[in-house]
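If you want the building blocks of each chain, they are given just below.
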Amino acid sequence: MMRYAVIRFPGSNCDRDLYNAAVKAGAEAEYVDYRETSLEGFDGVLIPGGFSFGDYLRTGAMASVAPITKAVIRMADEGRPVVGICNGFQILTEIGLLPGALIRNTGHTFISRDASLKIVNDKTKFTKSYSKDEDVIFPIAHGEGCYFCTDEVYADLKDNDQIILKYNENPNGSRGDIAGIINKKGNVLGMMPHPERALESILGSRDGFKLFEDLKSWEENHETVR
Amino acid sequence: MKKIELIITLQEQVLDTQGEALDRAVKDFGHDEISNIRVGKVLYFDIDESEPAKIDEIVNSLSERLFANTVIETYEYKILDGETV
Amino acid sequence: MKQFVEPTETDIKEQKLYKEMGLTDAEYEKVVSILGREPNYTEIGIFSVMWSEHCSYKHSKPFLGQFPTEGEKVLMGPGEGAGVVDIGDGQAVVFKVESHNHPSAVEPYQGAATGVGGIIRDIVSIGARPVGLLNSLRFGELTSKNNRRLLRGVVSGIGGYGNSIGVPTVSGEVEFDPSYDTNPLVNAMCVGVIDHDRIQKGTAKGVGNKVVYVGLKTGRDGIHGASFASEELSENSEAKRPSVQIGDPFTGRKLMEATLAAIEMPELVGIQDMGAAGLTSSSSEMAAKGGSGITLNLDKVPLREEGISPYEMMLSETQERMLLVVEDGSEQKFLDLFDDMEVDSAVIGEVTDNDRLRLYYEDELYADIPVQELSEEAPVYILEGRQPEADSERRDYSDEDLDAAFKSLISHPSMASKDFIYEQFDNQVGSNTIQKSGFGPGIVRIEGTNKAVSMTIDGKSRYVYADPYNGGKEVVAQAFRNIISTGATPLAMTDCLNYGSPEKPEIYHQLEASTKGMAEACRTLHTPVVSGNVSLYNETKQASVLPTPVIGMVGLIEDIGILKEDKVSEGDALYIVGDLKAQFQGSQIEKLIDGDIRKVSRQIDLDLEFERGNMLKEMYISGEIHKIAPIGRGGLIVKLAQLASHYNIGVDVAVDVRADLLFSESASNYVVVAPAGLEITGAREIGAFSGDAFRVSAKNYNISYELNEINATLKGAIPACMSSVD
């Protein structure tokens, strides 16, 4: 049984949703305050969406130097699953656990809608229950979700199959329609869309459920072919 | 004690959507002579240190770790009171 | 020797400084008689804000008294931060609507953002967790650059605050009309959920109990905002910019969580939001409600800058603050809690038994005011209204170019898709949103249950202008219809009365007659009023805004199983419920073709409304019908276009009536989607969802469009306006 830490920063606002999603899928979860310095006893980390530290200075910037961050980096180094959603993705790029950066949407405005996405890589521990090119609907809700990276990084991402999720209709100007990526080792995942809001058809979509089931069974998921 | 002015802007190659919007707005005002607006941030702070090398080290380190994201931004700073680095 | 240089009692009297604060000579004299002496600067400032229209309802109180406020489900009616209504299982919903019109006219982003923040704090101060936000917005036409600027600012302000604090925005309404040119209406509503045993009141009781301040440090923000909100906008308003407060959703979120944590502590006696008139209204109202006095030591108030005087502190409208009264001896527990949650707090005073609001700064007395008189003896003005002469009625538009009218209406921002606006609001945070903004009420599941709350906000100002009395009824009925359309039982409502200057006899008449109509509708439709707000003096350049009562209504869905998705499908039949009568006064086709609104009485039968609504609701719950869509702006034909576009299915409809009746806006009518051949009282089948064309015909009239074209027109209208460069 995987036990996840859901990190709470001041200004996080999807912490409950993410916690509920993990528990609903059968994993264990517990909130951890950003002022803690240890993640002992946890098998993985979930970094929720929201506006950590008010998005002041730059999205994710202040969270990336918070006390808990060193422990998050340690988890990532040990090869344990680290997942950042929306603001969590922004934080992971700020920390440097994932390449690139998230900048303001090209249309300037915040965008909240159900986004149609494609699973690009189904050979990761996070996406093994999906199939390649599967279309899924996850809500998006962000003002700074335009994925930016240099040509070298982009080539790298493609060569290493690190792009796992793409927009079918690019809403924010993201390079290569990128909606979610993993690190080279395959244990750190960041994505702008909200799979934790897509668990029940009455709320619009249940396409996100498999992602949390894959997180629950992370240990047993076989190392992927890349 | 010195006062620092730190200016952070998006790197040249990064699309500055606010800048683009302002460019358009300025043209709407009839000012065709303005172009290439880049929007940045400025931070002012006091530093209890007087040695330029020390200041440089502290400001650079903080800028790279927190104030700016060097993946997309660049920064420069001035020590106010006439001294510039 | 006082350390702040301020006008003296004599200056105030002789130079009539109270006039700048919005008080009349008679009101000043009343203050003198209450105090038994001339007020000092701090005192007159306090009276001026407490006696502003915004805080005292001095022109609207008699009208508000007409509203029914009780019902078997009502747990707490008007008078507190928000109303509370039972939803069973020991839970309740808490809701209120509030205006932020004037601040939004001056600084649209901050005006709208602080409006959202304020209404959220009202809900939180009752002890409830907010689960949904709604907004009712009115602007001048988007052909004007300034109106586009206002819309852009207001929308990003609502999103900027609501998205960040993490409360989903789930429904709203937006109307564009020249009457709101430069005086937009920005009404925000919030709905929260609470357990019965957690309901808090804004009261100060128990001698020696401590007054605790929590939230942002006080600055000089928005001084005289409450009296500013009660004045007409003028050229000078721009110069009053410092009055506008700045919202901080980050602190707002921390404060919300801190407040909800404090409410779990048994030592909490009372709590109130520091909204309009900040520390003044919260402290004096809490004392008045508790039948106590309060002494504040203002040197203990956390400040953002030095040198802020007691006068400024009492009038500051710095956002993100709450005032608590806690049991003597427990204050440290609260301070520790707030410290852990990273919000500033301080003990700034205590409850007394002397019925006085006493303010000290470094042991010097700055104000000494009897609490009850301050809050209860605000002047009430009963004026004389004047009913304008009725116009002649126009009952026939069948000679007009109705094809052109249809196209104009569906490309007008009032009727077109509002995706441009609603996509800027996070509508799903919290993962309980079943139906979001854009097509009817918001529906939010009560976490951990199979129940849901349906919530809507609506206004129909053109009807109210045409016929204030019946128009008032129609606004309530429209909200009722919306709630019914989701299969919910309407529970109760909140109202926001946006009008021009009550000192104008015609406006006073609008207020008088429309509130009478609203009160009647509330009774017949069983929707008592549990909270509300009044915004008068919505005027610019000699013109008043249309009389705009806005209704927020909440209903309960007992079992979300009835909301199975995709119930509507190709082949379903379309019915019209009700008669298409000629009712064009206040309609959109009248606006398009004639411009002016004819002052002609409108018709609505409230008993029929109630009966029909309940019948349709039951048929929806039982699954016999698949969708209920109340007919609104633009009449039947516009509703059909919106339905076709929403479900992305063509419609084929033939109605055997005079063609212009397709555009008539008569009350109590619905389009219903159900299997063909169904028996529905008062209804007739008019066609079906089929194919990919939009075909509608009436006597000597038929139109046909590709569904794509209808879609593109509805969806493209607002973006096209907003990208215009003139």
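What you see is a predicted model, and the numbers here were worked out from it, not measured in a lab.

**Topic: the overall build of chain B**
For step 1, the next point in the chain: Looking only at helices and strands, chain B features 2 helices and 3 strands.
For step 2, the next point in the chain: When the elements of chain B are put in sequence order from the N terminus, they spell out β-α-β-α-β.
For step 3, the next point in the chain: For a compact globule of 85 residues, the expected C-alpha radius of gyration is about 12 Å, and chain B comes in at 16 Å, more than 25% above that figure.
For step 4, the next point in the chain: Along the three orthogonal principal directions, the C-alpha set of chain B runs to about 45 × 30 × 15 Å.
For step 5, the next point in the chain: Looking at chain B as a whole, 13% of its 85 residues are labelled buried.
For step 6, the next point in the chain: When contacts within chain B are restricted to residue pairs at least 6 apart in sequence, those whose partners lie at least 24 apart make up 69%.

**Points about the interface of chain B and chain A**
For step 1, the next point in the chain: Chain B puts 9 residues into the contact, and the matching count from chain A is 11 residues.
For step 2, the next point in the chain: Within the residue set of the side of chain B that touches chain A, elements represented by two or more residues are α1 (17–28) and α2 (52–67) of chain B.
For step 3, the next point in the chain: Classifying every residue of the side of chain B that touches chain A by side-chain character gives 6 nonpolar, 2 polar and 1 charged.

**Observations regarding the environment of C:Ile703**
All names here are of chain C.
For step 1, the next point in the chain: Secondary-structure assignment places isoleucine 703 in strand β28 (residues 701–706).
For step 2, the next point in the chain: Among the residues examined, isoleucine 703 registers 16 C-beta atoms within 10 Å and is labelled partly exposed.
For step 3, the next point in the chain: Residues isoleucine 703 and leucine 661, 42 residues apart in the sequence, show an inter-C-alpha distance of 14 Å.
For step 4, the next point in the chain: In contact with isoleucine 703, not counting residues within four places along its chain, are Asp403, Phe406 and Val696.

**Quick word on the UniProt feature "domain: PurM-like N-terminal" (unreviewed entry) in chain C**
For step 1, the next point in the chain: Residues annotated in UniProt with the feature "domain: PurM-like N-terminal" (unreviewed entry) correspond here to residues 79–194 and 442–557 of chain C.
For step 2, the next point in the chain: Counted over residues 79–194 of chain C, helix gives 40% and strand 38%. Its end C-alpha atoms are 18 Å apart.

**Observations concerning the packing of helix α4 (residues 41–50) of chain C against helix α12 (residues 278–290) of chain C**
Residue and element names in this part refer to chain C.
For step 1, the next point in the chain: Running from N to C, α4 and α12 cross one another at 80°; their axes reach a closest spacing of 10 Å. The angle between the axes of α4 and α12 places the two elements in the roughly perpendicular class. In contact with Ile46, Val49 and Met50 of α4, α12 contributes Thr280, Ser281 and Ser284.

**Looking at the pairing of strand β13 (residues 364–370) of chain C**
For step 1, the next point in the chain: Pairing analysis gives 6 bridges linking strand β12 (residues 356–361) of chain C to β13(C), with the strands arranged antiparallel. Looking at the pairing, C:Tyr360 lines up with C:Leu365 of β13(C).

**Overview of the sheet that holds strand β3 (residues 73–79) of chain B**
Consider a sheet: its strands pair through backbone hydrogen bonds, and that pairing is either parallel or antiparallel.
Residue and element names in this part refer to chain B.
For step 1, the next point in the chain: Taken together, 3 strands build an open sheet; the order of strands is β2-β1-β3 and the sheet is antiparallel. The open sheet has two edge strands with one neighbour each: β2 (40–47) and β3. On average, each strand axis in the sheet is tilted by 20° relative to the strand beside it, whichever way the strands run.
For step 2, the next point in the chain: Note: strand β1 (residues 2–10) against β3, 7 bridges, orientation antiparallel.

**Let's talk about the nonpolar core**
For step 1, the next point in the chain: The biggest cluster of nonpolar side chains holds 215 residues, and the ones touching the most others in it are C:Val93, C:Val94, C:Leu324, C:Val476, C:Val554, C:Val671 and C:Val672.
For step 2, the next point in the chain: Here this core gets 9 residues from one element, more than from any other, and that element is helix α8 (residues 108–126) of chain C.
For step 3, the next point in the chain: Among the nonpolar cores identified, the runner-up in size contains 79 residues, and A:Cys14, A:Leu39, A:Val136 and A:Ile178 belong to it.

**With respect to unusual backbone geometry**
For step 1, the next point in the chain: Backbone geometry at A:His108 places phi at a positive 75°, although glycine is not the residue there.
For step 2, the next point in the chain: Tracing the backbone through its elements, the reader meets A:His108 in the loop between β5 (101–103) and β6 (111–119).
For step 3, the next point in the chain: For C:Tyr537, which is not a glycine, the phi torsion comes out positive at approximately 60°.
For step 4, the next point in the chain: Along the chain, C:Tyr537 turns up in the loop between β18 (529–535) and β19 (539–540).
For step 5, the next point in the chain: Assessed through the 23 C-beta atoms surrounding it within 10 Å, C:Tyr537 is described here as buried.

**A closer look at the interface of chain A and chain C**
For step 1, the next point in the chain: Contact with chain A, which involves 23 residues of that partner, is made by 24 residues of chain C.
For step 2, the next point in the chain: Only α1 (15–24), β6 and β7 (135–142) of chain A provide two or more residues apiece to the side of chain A that touches chain C.
For step 3, the next point in the chain: Per-element accounting of the side of chain A that touches chain C gives the leading share, 3 residues, to β6(A).
For step 4, the next point in the chain: In terms of residue class, the side of chain A that touches chain C is built from 11 nonpolar, 8 polar and 4 charged.

**As for the packing of helix α20 (residues 505–524) of chain C against helix α22 (residues 606–621) of chain C**
Residue and element names in this part refer to chain C.
For step 1, the next point in the chain: Running from N to C, α20 and α22 cross one another at 40°; their axes reach a closest spacing of 9 Å. In terms of orientation, α20 and α22 fall into the oblique class. Crossing geometry of α20 relative to α22 is assigned as right-handed. Contacts between α20 and α22 involve Glu520, Ala521 and Thr524 on the former and, on the latter, Leu606, Asp607 and Phe610.

**Describing the domain arrangement of chain C**
Residues and elements named next belong to chain C.
For step 1, the next point in the chain: According to the domain assignment, chain C consists of domain 1 (72–199 + 434–559), domain 2 (202–377) and domain 3 (564–726).
For step 2, the next point in the chain: Summarising the inter-unit geometry, the C-alpha centres of domain 1 and domain 3 are found 24 Å apart.
For step 3, the next point in the chain: Across the boundary between the two partners, domain 1 contributes 25 residues, which contact 31 residues of domain 3.
For step 4, the next point in the chain: Every element with two or more residues in the side of domain 1 that touches domain 3 is listed here: α9 (145–165), α18 (461–466), α19 (468–484) and α20.
For step 5, the next point in the chain: Sorting elements by how many residues they give to the side of domain 1 that touches domain 3 places α19 first, with 10 residues.

**What to know about the pairing of strand β10 (residues 178–182) of chain A**
Residues and elements named next belong to chain A.
For step 1, the next point in the chain: Taking burial as the measure, the 5 residues of β10 include 5 buried ones, the bulk of the element.
For step 2, the next point in the chain: Note: β10 against strand β11 (residues 188–191), 3 bridges, orientation antiparallel. Across the sheet, residue isoleucine 181 finds its bridge partner in β11, namely glycine 190.
For step 3, the next point in the chain: Connecting β10 to the antiparallel partner β11 that follows it, the hairpin turn spans 5 residues, and glycine 186 within it adopts a positive phi of roughly 85°.

**Notes on the environment of C:Gly275**
All names here are of chain C.
For step 1, the next point in the chain: Tracing the sequence through the fold places glycine 275 in the loop between β8 (268–273) and α12.
For step 2, the next point in the chain: The class of glycine 275 is buried, set by 25 C-beta atoms lying within 10 Å.
For step 3, the next point in the chain: What glycine 275 contacts, discounting residues up to four positions off in sequence, is Gly118 and Arg121.

**Description of the sheet that holds strand β5 (residues 169–176) of chain C**
Residues and elements named next belong to chain C.
For step 1, the next point in the chain: Pairing is mixed across the open sheet formed by 6 strands, whose spatial order is β1-β2-β3-β6-β4-β5. Looking at which strands have only one partner, the edges of the open sheet turn out to be β1 (74–76) and β5. On average, adjacent strands in this sheet sit at an angle of 20° to one another, irrespective of strand direction.
For step 2, the next point in the chain: Note: strand β2 (residues 83–88) against strand β3 (residues 91–99), 5 bridges, orientation antiparallel. The residue bridging glycine 83 from the neighbouring strand is phenylalanine 95, located in β3.

Rules used throughout
Residues numbered from 1 in each chain as written. Chains lettered and ligands numbered in written order. Predicted model: local features only at pLDDT ≥ 70, side-chain atom pairs only at ≥ 80, totals over all residues. Helix = DSSP H or I, 4+ residues; strand = E, 2+ residues; numbered from the N terminus. Rg over C-alpha atoms; globule rule 2.2 N^0.38 Å. Buried ≥ 20, exposed ≤ 12 C-beta atoms within 10 Å, placed from the backbone. Contact = placed C-beta atoms within 7 Å. Nonpolar A, V, L, I, M, F, W, Y, C, P; charged D, E, K, R; others polar. UniProt positions renumbered as here; feature names shortened; annotations may be inferred. Axes fitted to C-alpha atoms, helices over the stretch in contact; angles between N-to-C directions. Parallel < 35°, antiparallel > 145°, perpendicular 65-115°, else oblique. Pairing = 2+ DSSP bridges. Core = buried A, V, L, I, M, F, W, Y, C linked by C-beta atoms within 7 Å. Left-handed = near helix turned anticlockwise from the far one by under 90°. Domains from an automatic or database assignment.

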